[in-house]
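# Inside the fold
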Amino acid sequence: MRKPLVAANWKMHTTGDEAITLARGSRDLAGMDVDIVLCPPFVWLERVRDAVQDTNIQIGAQNVFWADWGAYTGEISALQLVELCRYSIVGHSERRHVFRESDAEISRKVKAVARAGMVPILAIGEDDSDYDAGHAQAVLRSQLVKDLALCRPEQLVVAYEPVWAIGTGRPASPEYAEEMAGFIRSMVAAEGLDAETTRVIYGGSVTPDTFEDFLNQPNIDGALVGGASLDSDDFAALVRTAAHQNV
Ligand code: PGA
């Protein structure tokens, strides 16, 4: 039985005060049988970590650089992040599309995160045109194989996030997400990782109204949540749904 994981991706939102308020609000959720991961902007990582101190709530970064140290102005390495957090999102579609990150870079990032002893939350997903063309599984296979080319992390979370569902209010159907999550799990096994313990989570317009239907799918172990994670009531409802489902 895989423990559900609910990760909050705050993206480039929140002032410092807003971040602390959200983090403090989530303290009430600690102790539930759910892995909660808060991924604030880099600048609030330390304050958010302090705000959830003495709870089992975990902290994650939204991005990471692939080198450990060096003359890389503006970048932050996994060896720096590991002092503050246990997880890092890698390969989010906004990194792939807005910042043109390639699978080659993403694979180096996965390796850097694993090397630092952190857990990568590797985000993969097809865009609209690949979805329309019926190429989703080919895209997922290509991304997963290339992104894991340099390392097999001891622990890995894969976030299936169809690009067309992110921030659109138009989530995938739970059945479709399950089909893709099952496919990802078989790919994880084919890559030599432990498919039974690797968590595959869904992301893309997750809300409290729809989350239970996703969690009822056997291959979906939680969610990577953007918009709804910025509303403390919605985020609490998501975590409670996961806890309830896990009983
Ligand atoms: P969303 O974002 O929940 O706002 O669709 C998800 C994500 O980008 O991880």
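Residues numbered from 1 in each chain as written. Predicted model: local features only at pLDDT ≥ 70, side-chain atom pairs only at ≥ 80, totals over all residues. Heavy atoms only, no water.

## Description of the nonpolar core
Basically, it comes down to this: In this description, a nonpolar core means a group of buried Ala, Val, Leu, Ile, Met, Phe, Trp, Tyr and Cys residues linked to one another through side-chain atoms lying within 4.5 Å. Only protein chains enter the calculation, and the probe is 1.4 Å; a residue is then buried if its accessible area is under 20% of its type maximum, exposed if over 50%, and partly exposed in between. Strands here are runs of E lasting at least two residues and helices are runs of H or I lasting at least four, both read from the DSSP assignment and numbered beginning at the N terminus. Two residues form a contact once any of their heavy atoms are found within 4.5 Å.
Leu38, Val48, Tyr202, Phe211 and Phe235 are the most contacted members of the largest nonpolar core, which totals 69 residues. Tallying contributions element by element places helix H8 (residues 174-190) first for this core, with 8 residues. Apart from the residues within four sequence positions on either side, Val48 is in contact with Trp10, Ala19, Ile20, Ala23, Leu38, Pro40 and Ile59. Of all hydrophobic cores here, the second largest spans 13 residues; its members include Ala7, Val37, Ala123 and Val157.

## A closer look at empty space enclosed by the protein
Heads up, the rule is: Of the grid points, spaced at 1 Å and generated over the protein atoms alone, those admitting a 1.4 Å probe that cannot get out make up cavities, while open sets with protein on both sides within 12 Å along at least five of seven lines make up pockets; any residue with an atom within 4 Å of a point is treated as lining. Grid points are joined across faces, edges and corners, and a volume is the space filled by probe spheres set on the points. Three categories are distinguished: nonpolar for Ala, Val, Leu, Ile, Met, Phe, Trp, Tyr, Cys and Pro, charged for Asp, Glu, Lys and Arg, and polar for the others, with Gly belonging to the last.
Under the defined criterion, the tally for this structure stands at 1 cavity of 30 Å³ or more. Size it by volume and the largest cavity reaches roughly 40 Å³. In this structure, the largest cavity is lined by Gly91, Ser93, Arg96, Ala123, Ile124, Gly125, Glu161, Val163 and Ile166. Of all the elements in the fold, those that place two or more residues in the lining of the largest cavity are helix H4 (93-97) and strand S5 (119-124). The residue makeup of the lining of the largest cavity, split by class, is 4 nonpolar, 3 polar and 2 charged.

## Observations concerning the layout of surface pockets
In this structure, the largest pocket occupies an estimated 400 Å³ of space. What lines the largest pocket is a set of 14 residues, among which Lys11, Met12, Gln62, Arg95 and Phe99 lie closest to the centre. Class assignment for the residues of the lining of the largest pocket results in 7 nonpolar, 4 polar and 3 charged. Of the pockets and cavities examined, the second largest pocket occupies roughly 250 Å³.

## Observations regarding the site of the ligand
What counts, and what does not: Here a residue is near a molecule or strand as soon as one of its heavy atoms is found within 4 Å of it. For the purposes of these results, a polar contact is taken to be a pair of N or O atoms within 3.5 Å, where, inside protein, one atom must be able to donate a hydrogen and its partner to accept one; residues adjacent in sequence count only when each atom of the pair is a side-chain atom. Throughout, the Shrake-Rupley method with a 1.4 Å probe supplies accessible areas, and for residues the shown protein chains are the sole cover considered. A cavity or pocket is said to hold a molecule if more than half of that molecule's atoms lie within 2 Å of its grid points.
Lining the immediate environment of the ligand, one finds 13 residues, of which Lys11, His92, Glu161, Gly167 and Ser205 sit closest. At a separation of 2.7 Å, an oxygen atom of the ligand approaches a polar side-chain atom of His92. Contact distances for the ligand include 2.7 Å between an oxygen atom and a side-chain N or O atom of Glu161. Here the ligand, which alone exposes 290 Å², has 95% of that area covered by the protein. One can see that the ligand is located within the second largest pocket. A class-by-class count of the residues in the shell around the ligand yields 4 nonpolar, 7 polar and 2 charged.

## Looking at the packing of helix H5 (residues 103-115) against helix H7 (residues 136-147)
The line we're drawing: Helix axes are fitted to C-alpha atoms over the stretch in contact, other axes to C-alpha atoms as well, and angles between N-to-C directions run from 0 to 180 degrees. Roughly parallel means an angle under 35 degrees; roughly antiparallel, over 145; roughly perpendicular, 65 to 115; everything else is oblique.
Where H5 contacts H7, the two axes come as close as 8 Å, and the packing angle between them is 50 degrees. Here H7 runs oblique to H5, going by the angle between their axes. Of the residues in H7, those touching H5 at Asp103, Ile106, Ser107 and Val110 are Gln143, Lys146 and Asp147.

## Overview of the sheet that holds strand S4 (residues 87-90)
Two modes of strand pairing occur in sheets, parallel and antiparallel, and in both the strands are linked by backbone hydrogen bonds. Cut-off, in case you're wondering: Criterion used throughout: strands pair if DSSP finds at least two bridges between them.
Strand order in the closed barrel formed by 8 strands is S1-S2-S3-S4-S5-S6-S7-S8, with parallel pairing between adjacent strands. Across the sheet, the mean angle separating the axes of adjacent strands is 25 degrees when strand polarity is ignored.

## Some points on the packing of H7 against H8
Basically, it comes down to this: Whether a crossing is left-handed or right-handed is set by the direction in which the near helix is turned from the far one by less than a right angle, anticlockwise for left-handed and clockwise for right-handed.
Interaxial distance between H7 and H8 falls to 10 Å at its minimum, and their mutual angle equals 35 degrees. Crossing angle aside, the handedness with which H7 passes H8 is right-handed. Between H7, through Ala136, Gln137, Leu140, Arg141, Leu144 and Val145, and H8, the contact on the second element is made entirely by Tyr176, Glu179, Met180, Phe183, Ile184, Met187 and Val188.

## Topic: the side chain of Gln143
Among the secondary structure elements, Gln143 is positioned in helix H7. Every residue in contact with Gln143, bar those within four places of it in the chain, is listed here: Arg96, Asp103, Ile124 and Gly125.

## Some remarks on the pattern of salt bridges
As a reminder of what qualifies: Any Lys or Arg side-chain nitrogen found within 4 Å of a carboxyl oxygen on Asp or Glu counts as a salt bridge.
Scanning all chains against the criterion turns up 16 salt bridges. Where Asp221 meets Arg2, a salt bridge forms, and the shortest distance between an N and an O atom there is 3.0 Å. With Asp221 in the loop between helix H9 (208-215) and strand S8 (222-225) and Arg2 in the segment before strand S1 (5-9), the pair connects residues that are 219 residues apart, well separated along the chain. The two residues Asp221 and Arg2 agree in class, both being buried. Across the pair Asp17 and Arg47 runs a salt bridge whose closest N-O atoms are separated by 3.7 Å. Taken together, the positions of Asp17 in helix H1 (residues 16-26) and Arg47 in helix H2 (residues 45-51) put the pair 30 residues apart, joining distant regions of the chain.

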